[in-house]
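Here's the letter readout for the chains.
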Amino acid sequence: MSSRRSRQSSGASRITDDQIIELVSKLRQLLPEIRDRRPGKVSASKVLQETCNYIRSLHREVDDLSERLSQLLSTIDEDSPEAAIIRSFVGELGSSVLHVCSR
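Residues numbered from 1 in each chain as written. Predicted model: local features only at pLDDT ≥ 70, side-chain atom pairs only at ≥ 80, totals over all residues. Heavy atoms only, no water.

An unreviewed UniProt entry lists the chain under the name BHLH domain-containing protein, from Xanthoceras sorbifolium. Under the UniProt heading Subcellular location (unreviewed entry), the note attached to the chain is "Nucleus". (UniProt positions renumbered as here; feature names shortened; annotations may be inferred.)

1. Regarding the pattern of salt bridges
Under the definition given, this model contains three salt bridges. Linking Lys46 and Glu50 is a salt bridge whose minimum nitrogen-to-oxygen distance equals 3.3 Å. Here Glu50 and Lys46 lie together in helix α3 (residues 44–74), a separation of four residues that amounts to about one turn. With relative accessibility at 11%, the residue Glu50 sits in the buried group. Measuring nitrogen to oxygen at the nearest pair gives 3.7 Å for the salt bridge that ties Arg68 to Asp64. Residue Arg68 and its partner Asp64 are both found in helix α3; the two are separated by four residues, about one turn of the helix. (Salt bridge = Lys/Arg side-chain N within 4 Å of Asp/Glu carboxyl O. Helix = DSSP H or I, 4+ residues; strand = E, 2+ residues; numbered from the N terminus. Buried < 20%, exposed > 50% of the residue type's maximum accessible area, 1.4 Å probe, protein only.)

This is the structure:
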């Protein structure tokens, strides 16, 4: 079997093994658990597992921060400059998340 073979998913675009290897390598660099603490080679399945765990962790963190922001907003006047700053920050954060997700 050639490492340059293509895979086809439900008639969608084709991706080569080399592209998969490159994507897993990019994920490996993004994951603190693997990048910072694990010397040597890590299997692709472990990278994908850690990616899922990391995404879950980020979701929990976003939920927690959203809750804290909601609590903060409930303690200040809706028309205050502080509330405007928080709404602005939340808007910027949302557009940043959309930008990252569209990559």
